[in-house]
Amino acid sequence: MSAEPLPAVAQTPSQNRAQHNRMANAIRALAMDAVELAKSGHPGLPMGAADIATVLFTQFLKFDPADPAWPDRDRFVLSAGHGSMLIYSLLHLLGYEAMTLDEIKRFRQIGSLTPGHPENFITPGVETTTGPLGQGIATAVGMAIAERHLAAEFGKDLVDHSTFVFASDGDLMEGISQEAMALAGHLKLAKLIVLFDDNGISIDGPLSLSDSVDQVKRFEAAGWTATRVDGHDPDAIAAAIEKAKNSDRPALIACKTTIGYGAPTKAGKSSSHGSPLGADEIKGAREALGWNEAPFHIPTDVLTQWRAAGQRSKNARKEWDKRLAAAAPDKRAEFERRMRGDLPVKQLADAVRKAKEQLAAAPKDIATRSSSEFALEALVPAVPEMIGGSADLTGSNNTRTKSMKAMTAADYSGRFINYGVREHGMAAAMNGMTLHRGIIPYSGTFLVFADYCRPAIRLAALMGERVIHVMTHDSIGLGEDGPTHQPVEHLASLRAIPNLYVFRPGDAVETLECWQLALEARDTPSVLALTRQNLPQLRKALDEDNRCAAGAYEISPADGKARVSIFATGSEVSIAVEAQKLLAAKGVATRVVSVPCFELLMAASGEARRAVIGDAPVKIGVEAAIRQGWDAIIGADGLFVGMSGFGASAPYKDLYKHFGITPEKIAEAALKKLG
């Protein structure tokens, strides 16, 4: 059975109002003082949201400060990350050991646990990195999906928690919020509750300057239950949360609040949003709130009440520990493995080996998107935590295996998600799934639509989360759809993101190896850039080693000392091999190096890089994309055969000839350079 409802820390349904006010004012005071000391920050949101947070954390949220990573805790996402002092104040008051008063005083300072926006990889108790508006609510949708899926697989004994989001009007104005709320409503994610800080203020001034959307009606139209409450009335807030927790749909609670609550001249104004209040305003706020304490001082009685709130879930966590210990050994071991993020090493290795044996026995001259599907048919059964999906391009991305059933509102056990045309929401939801733990998400779209996903991809890289993006139709090789759909700058753009692996495999074997590397990269997201057009399988012999792990390797050696080195990725590797033959016929010894992952090559030792790059006097890079980034391999004086502008609409073979990405043009360039 799942755990019993948690007790409130004080009287229920209503806390003593004076006591509630003092607890909420502790949040306001810490926020004012920390922002003032840092001379930087956003005091208005935590001051306005303090009543909501006090009700949520003292009466409803399930968590244990002694075990911030407890798998069955409720998740709290501060989507409005600029109000970071709200979560930092709560963590300190509730007794999270790392969040000392000294850390509060070091707000926004180098090396502190209190950065300007919440960063989950820095601060225990922070679930996800937020700040770019809209990302938090969309990430939370992924967390709620993960909870429902894992509950379907492991049962409510082990997985039975809610996801709460605190969102601002800015979060709801961002386009990603529409993608996220529509998906959540469609999947009926009933354990997802969004608390909307409806304060009517944006940076420019009143929200009415730019927005007149009725958010309650908007969310209702997307299949949510939605209501409005006074965000400074603890009884109304508690009643709304209780109702939301018993809903069969996701819930929005629009909490009408006053930004900068308590500030004598700046409350309700944009001037309290993103700047310190100033000494005089803080003095006036203390008087208005009846808070007579010195800066950063929390009275013993108030701190005692907050620390008691931090202990509310301790018994629930202990009961959960007992249920986990009593679970069948195989079930417990599998659950713990997934939550740790460990791969099933033997099953994965066996699956890769068997697939390589099949490719050696019967080579496949197919598009790498089809090679990816072949790889997934082997990997998905071996790695049960893999959850796939596509942004309405399943048949084009080849991300759904024959055994995968769809996840639906009626059955969350499915391992494939139909995201619809919601690339950005899809990418952010995958971040939430991996942050929740227990799932390795992957999904598909076209490479050109990486631009729609980019903010979420960047956050995954910043957080160091294993998220896998299958991006097909990776060049002019997609043909007739033309330049609107032909990515030319996207590989360089993605390679510019730190801690992101961009894989562009050249045949079926490399595709399988790149999938293995993406799964093994537990602290790094990956993009697999895959072709629409068929490619020859260049590696026909069985190779036990993962050669792509080096980032680049010699796929076709020179006959003698090389005078030319051709470096290529993806669909251009086979073109480079044909150019090698033309040069050999001219007596020019040439080697071909496949470069499936720039990032892994650059992470190798200098000695290893020099060995693979070699010392041939002529170095040529070949890729149906722009040159940017290639000079690290071929040098500033190296030759490049690729794109310098946008593509065109025509059959792909005609396009390769038109843009000069052919064996003949490569050979011609090499011979001209040699003189």
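Provided above is the structure to which this section pertains.
Residue indices follow the written sequence of each chain, beginning from 1 at its first position. At least 70 in pLDDT is required for a residue's local features to be given in this predicted model, at least 80 for side-chain atom pairs to be given and counted, and no such filter applies to totals for whole chains, interfaces and linings, which use all residues. Here the side-chain values reflect all heavy atoms present in the structure, with hydrogen atoms and water set aside.

Here we come to the pattern of salt bridges. Definition used for salt bridges: Asp or Glu carboxyl oxygen within 4 Å of a side-chain nitrogen of Lys or Arg. Under the defined criterion, the tally for this structure stands at 39 salt bridges. In this structure, Asp-33 engages Arg-286 in a salt bridge whose closest nitrogen and oxygen atoms are separated by 2.9 Å. One end of the pair, Asp-33, is in helix α1 (residues 17-38); the other, Arg-286, is in helix α10 (residues 279-289), and 253 residues separate them in sequence. Look at Asp-33 and you get buried, because its relative accessible area is 5%. The salt bridge partner of Asp-72 is Lys-62, with a shortest N-O separation of 3.0 Å. Taken as a pair, Asp-72 in the loop between α2 (44-59) and β1 (75-78) and Lys-62 in the loop between α2 and β1 lie far apart in primary sequence, 10 residues in all. As far as the burial class goes, Asp-72 and Lys-62 line up, both buried. Sharing partners across several salt bridges, the network here consists of Glu-153, Glu-334, Arg-337, Arg-338 and Glu-385. Secondary structure follows DSSP: runs of H or I at least 4 residues long count as helices, runs of E at least 2 residues long count as strands, and numbering of each begins at the N terminus. Under the scheme applied here, a residue whose accessible area is under 20% of the maximum for its type counts as buried, over 50% as exposed, and between as partly exposed, the area being computed with a 1.4 Å probe on protein chains only.

This part covers the sheet that holds strand β3 (residues 192-198). Pairing between strands is defined by DSSP: at least two bridges between them are needed. The parallel open sheet is built from five strands, whose spatial order is β1-β2-β3-β7-β6. Two strands close off the open sheet at either side, each with one partner strand: β1 and β6 (225-230). Each strand of the sheet is rotated relative to its neighbour by a mean of 20°, with strand direction disregarded. With six bridges joining them, strand β2 (residues 163-168) and β3 adopt parallel strand pairing. In the sheet register, Ala-167 faces β3, and the bridge partner there is Phe-196. Angles here are taken between N-to-C directions and fall from 0 to 180 degrees, while the axes themselves are lines fitted to C-alpha atoms, restricted in helices to the stretch in contact.

Relative orientation of the contacting elements α2 and helix α9 (residues 234-245) amounts to 55°, with a least axis distance of 9 Å. By the angle between their axes, α2 is oblique relative to α9. Seen from above, α2 lies across α9 with right-handed handedness. Within the contact between the two elements, α2 uses Asp-51, Ile-52, Val-55, Leu-56 and Gln-59 and α9 uses Pro-234, Ile-237, Ala-238 and Ile-241. Basically, the charged four are Asp, Glu, Lys and Arg, the nonpolar ten are Ala, Val, Leu, Ile, Met, Phe, Trp, Tyr, Cys and Pro, and anything else, Gly included, counts as polar. Classifying every residue of the contact of α2 with α9 gives seven nonpolar, one polar and one charged. What sets the label is the angle itself: under 35 degrees gives roughly parallel, over 145 gives roughly antiparallel, 65 to 115 gives roughly perpendicular, and the rest give oblique. Helix crossings fall into two classes, left-handed where the near helix is turned counterclockwise from the far one by less than a right angle and right-handed where it is turned clockwise. For this analysis, residues touch if any pair of their heavy atoms sits within 4.5 Å.

For the rest of this paragraph, the subject is the sheet that holds strand β16 (residues 590-594). In spatial order, the strands read β14-β16-β15-β17-β18; together these five strands make up an open sheet with mixed pairing. The open sheet terminates on both sides in strands that have one partner only, identified here as β14 (553-556) and β18 (639-642). Recorded for the sheet is a direction-independent mean angle of 30° between the axes of neighbouring strands. As paired elements, strand β17 (residues 618-623) and β18 share four bridges and run parallel to each other. Note on β18: the bridge partner recorded for Ile-620 is Leu-639.

Here, expected helix span is obtained from the residue count minus one, scaled by 1.5 Å. With 12 residues, helix α26 (residues 663-674) extends 17 Å from end C-alpha to end C-alpha; this agrees with the ideal 16 Å at 1.5 Å per step. What α26 keeps buried is the set Pro-663, Ile-666, Ala-667 and Ala-670. One side of α26 carries all its buried residues, which in axial view fall inside an arc of 95°. Of the surrounding secondary structure, the elements contacted by the buried residues of α26 are β15 (564-568), α21 (572-585), β17 and β18. Think of the arc as the fan of directions from the helix axis to the C-beta atoms.

With that settled, the discussion passes to unusual backbone geometry. Even without glycine at this site, Asn-398 takes up a positive phi of about 60°. Considering the arrangement of structural elements, one finds Asn-398 in the loop between α16 (394-397) and β9 (416-418). The buried category is assigned to Asn-398, whose relative accessible area is 11%. In the Ramachandran plot, Asn-499 falls in the positive-phi region, its phi being about 60° despite a non-glycine side chain. Structurally, the position occupied by Asn-499 is in the loop between α19 (490-495) and β12 (501-503). Asn-499 sits in the partly exposed class, given a relative accessible area of 34%.

All right, on to the pairing of β3 then. Judged by how many residues are buried, β3 sits mostly within the fold: seven of seven residues are covered. Residues Leu-192, Val-194, Phe-196 and Asp-198 point to one face of β3 and Ile-193, Leu-195 and Asp-197 to the other, with burial holding for every one of them. Bridging between β3 and strand β7 (residues 251-256) involves six bridges; their strand directions are parallel. The partner of Leu-195 across the bridge, within β7, is Ile-253.

Don't take any of this as a statement about function, it's just geometry.
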